[in-house]
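Per-entry structural report
Given next are the chains, with one letter for each unit.
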Amino acid sequence: MNFTSTDTENLKQKGFTPAEVAEIVHRFTYELKPLKLERPCTIADGIIALSPANSHKYLEHFERERKSHTMIKFVPASGAASRMFKHLHNYSADNTSDLAEEFILNFHRFPFTKELEAAMAKGGDNMQTCVENNEWEKIFKYILTERGLHYDSQLKGLVIFHNYNGKGRTAFEEHMHEALQYAKQYDGKCRLHFTLSPSHIHLVQNFLNERAKDFPFEDFEISYSVQSAKSDTPALTKEDDFLRDHDNHIIFRPSGHGALITNLHELDADIIFIKNIDNVTSDAGREDTVFFKKVLAGMLMDLRSQAFGLLDTLERNEEHALENALEFIQHWFQPGLPIGGNQEQLKQYALLRLDRPMRVCGMVRNEGEPGGGPFWIQSSEGTISKQIVEKSQVDVLDAHQMKLLSESTHFNPVDLVCSIKDRTGKSYKLNNFVDHSTGFVSEKFQDGQVIKALEVPGLWNGAMALWNTVFIEVPVSTFHPVKTVNDLLRPGHQ
């Protein structure tokens, strides 16, 4: 792998040196290693199933303590809607997929038909006439292209997800409505943060500023950030050479959502709620979501307070402080103790183990949705910890590891409540708690060839691998993802 005479200047413009790029490639080529699954996390073995009494205890704790905590909702929202509508893009009357047929049969149930009808009328077409004449290719062009709704090039967050008496509401708007019910601070502010691509910030900002007028008595504080270009990674050919453009410049690609750990670090809040842009439900289906978001946050507040208190007692060398701290760590976060450690070494272990970011994660029963799940992971040092694991992090050629992966009972819906500040109110350096060895290399198709994309550890996977983690079972009624537009036909969206 060689650098050309012009690479140094081109890389400098991107904020890299050749040495830094070489180190990135070396890490992904030689230092990555698959995770070693110990076993799936299950109820009473890594996942807590709260009783109704305990759920209400944490709910009450949240309501009692929320006045002394700043809060914000963090939503990765740069995803495009094109994949949602892929089956419409490939439609033809002679070759109708099952998804396209389902869409056609349920056409009038989709929440954007009113807007579509207006767009078609503006273009000189009558939507109902087109439906009656089975002119679906024309209808789909109005849905997908700039001739109508332009959803094939739209942000997923700007797609209309729900209909309220003839008025459509996008995913962005639903996140605003949802945040009001659990993330509103005691001072009246409701803070949201969306991560976007640079080209979309002004579009979304203008859209949400306009929509905020629908909440005349609410004080929204909405902020935005972009994934840093400094987190991009070079694309490689199948032979591990640099992929280059027509000007012979090295091509860089975004390195995956794990790079957003830097964006998360920049937030100033005691409690951070994390959800995906497409996981929202309608007003009618939101009760369970709000209840369990408060429960997760209440548990986090309680555990955070206990951890801070134990750190104080350890530093004051109070009687039974070490015993209490080790018991707390083993019960909630990390089973087992360092072998052969003396009292001072165990104290240092407890201090290090308690003084780190913390997250409480909701987990739903596995019903076949694609994505990661909760597992006990064995480190190279022999310790085990709880992690959210994706298939891409596991050695797919190891039959035993794949068997363990298939035995997962729960699924990660990306339902996290996080604390990133220490006892003094200072944010932890989150990059210090990333397991960088858990990045991965994925194959993509670009310009007619297969390339290697280097992706950093996922945001709720390896990027949070060294956090203190608690998994809580939450009902599937809190999970309403929209991966294809047909998912809007599911309960929770109708």
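Attention here is on the structure that accompanies the text. Numbers given for residues are sequential positions, taken from 1 along each chain in its written order. Reporting in this predicted model follows two pLDDT cut-offs: at least 70 for local features of residues, and 80 or more for side-chain atom pairs to be given and counted; totals over whole chains, interfaces and linings ignore these cut-offs and use all residues. Note that water and hydrogens are dropped before the side-chain values are worked out from all heavy atoms of the structure.

**A few points about helix 3 (residues 52-65)**
- Each helix is a run of DSSP H or I of at least 4 residues and each strand a run of E of at least 2, with the numbering of both proceeding from the N terminus. Between the first and last residue of a helix there are one fewer steps than residues, each counted as 1.5 Å, and that sum is the expected span. Spanning 14 residues, helix 3 covers 20 Å between terminal C-alpha atoms, matching the ideal 20 Å at 1.5 Å per step.
- Residue exposure (1.4 Å probe, protein chains only): buried if accessible area is under 20% of the type maximum, exposed if over 50%, otherwise partly exposed. Every buried residue of helix 3 is accounted for by Ser55, Tyr58, Leu59, His61 and Phe62. End-on, the buried residues of helix 3 take up no more than an arc of 160°, which puts them together on one face. Away from its buried face by more than 90 degrees, helix 3 exposes Pro52 and Ala53.
- Whether two residues touch is decided by their heavy atoms; if any such pair falls within 4.5 Å, the residues are in contact. Tucked into the core, helix 3 has its buried residues touching strand 4 (71-76), helix 9 (171-182), strand 12 (271-274), helix 12 (287-315) and helix 13 (321-332). Taken from the helix axis, the directions to the C-beta atoms give the arc we talk about.

**Describing the pattern of salt bridges**
- Here, a salt bridge means any side-chain nitrogen of Lys or Arg that lies within 4 Å of a carboxyl oxygen of Asp or Glu. Within this structure, the stated rule accounts for 36 salt bridges.
- In this structure, Asp278 and Lys483 form a salt bridge, with 2.8 Å as the shortest nitrogen-oxygen distance. Taken together, the positions of Asp278 in the loop between strand 12 and helix 12 and Lys483 in the segment after strand 20 (468-473) put the pair 205 residues apart, joining distant regions of the chain.
- Taking the relative accessible area as the measure of exposure, Asp278 reaches 3% and is therefore buried.
- Assessed through its relative accessible area of 40%, Lys483 is described here as partly exposed.

**Topic: the packing of aromatic side chains**
- Aromatic rings from Phe, Tyr and Trp, taking only the six-membered ring of Trp, are treated as a pair when their centres fall within 6.5 Å; an angle between ring planes under 30 degrees marks them as stacked, one over 60 as edge-to-face, and anything in between as tilted. This structure, assessed with the given rule, holds 20 aromatic pairs.
- Taking 5.2 Å as the distance between ring centres and 75° as the angle between the ring planes, the aromatic pair formed by Phe107 and Trp136 counts as edge-to-face. A residue pair is termed long-range when its members are at least 10 positions apart, and Phe107 in the loop between helix 5 (98-105) and helix 6 (113-122) and Trp136 in helix 8 (residues 136-144) qualify at 29 residues. In this structure, Phe107 and Trp136 share a single accessibility class: buried.
- Plain terms: the ring middles of Phe411 and Phe479 are 5.3 Å apart, the flat faces sit at 45° to each other, and that makes the pair tilted. Placement of the pair is Phe411 in strand 16 (residues 410-411) and Phe479 in the segment after strand 20, with a sequence separation of 68 residues. Like Phe411, the residue Phe479 is buried in the burial classification.
- Linked through ring pairs, Phe85, Tyr91, Phe103, Phe107, Phe110, Phe112, Trp136, Phe140 and Tyr151 together constitute an aromatic cluster.
- In this arrangement the basic side chain of Arg169 is found over the ring face of Tyr164, its NZ or CZ atom lying 3.8 Å from the centre.
- Either the NZ atom of lysine or the CZ atom of arginine qualifies as a charge over a ring when it sits within 6 Å of the ring centre and within 35 degrees of the ring normal. Lying over the aromatic face of Phe16, Lys230 brings its terminal NZ or CZ to 4.4 Å of the ring centre.

**Notes on the pairing of strand 18 (residues 440-446)**
- Any two strands with at least two DSSP-identified bridges between them are counted as paired. In this structure, strand 18 lies alongside strand 19 (residues 449-455), joined through 7 bridges in antiparallel fashion. The partner of Lys444 across the bridge, within strand 19, is Ile451.
- Counting the residues that bridge the hairpin from strand 18 to strand 19 gives 2 residues, and of these Asp447 lies at a positive phi of roughly 50°.

**Side note on the pairing of strand 8 (residues 219-226)**
- Bridge count for strand 7 (residues 189-196) against strand 8 is 8 bridges, and the pairing is parallel. Pairing of His193 across the sheet is with Ser223, part of strand 8.
- If you view a crossover with the strands going away from you and the path from the first strand over the helix to the second runs clockwise, you call it right-handed. Note on the crossover from strand 7 through helix 10 (residues 201-211) to strand 8: the handedness is right-handed.

**Quick look at the packing of helix 6 against helix 8**
- The geometry of helix 6 relative to helix 8 is characterised by a closest axis approach of 10 Å and an angle of 105° between their N-to-C directions. Considering their axes alone, helix 6 and helix 8 lie roughly perpendicular with respect to each other. Contacts from Leu116, Ala119 and Met120 in helix 6 reach Ile139, Tyr142 and Ile143 in helix 8.
- Taken together, the residues of the contact of helix 6 with helix 8 break down into 6 nonpolar, no polar and no charged. Axes here refer to lines fitted to C-alpha atoms; in helices the fit is confined to the stretch in contact. Angles between the N-to-C directions go from 0 to 180 degrees. Each angle gets one of four labels, with under 35 degrees taken as roughly parallel, over 145 as roughly antiparallel, 65 to 115 as roughly perpendicular, and the rest as oblique. Only Asp, Glu, Lys and Arg are considered charged in this grouping, and only Ala, Val, Leu, Ile, Met, Phe, Trp, Tyr, Cys and Pro are considered nonpolar; every other residue, Gly among them, is considered polar.

**Things to note about unusual backbone geometry**
- Positive phi is not limited to glycine here, since Asn134 has a value of about 55°.
- By the element assignment, Asn134 lies in the loop between helix 7 (127-132) and helix 8.

**Points about the sheet that holds strand 1 (residues 36-40)**
- Read across the sheet, 3 strands follow the order 1-14-15 without closing on themselves; strand pairing throughout is antiparallel. Edge positions in the sheet fall to strand 1 and strand 15 (384-389), since each has one partner strand and no second. When the angles between neighbouring strand axes are averaged without regard to direction, this sheet yields 45°.
- As defined by bridge partners, strand 14 (residues 373-378) adjoins strand 15 across 6 bridges and the pair is classed as antiparallel.

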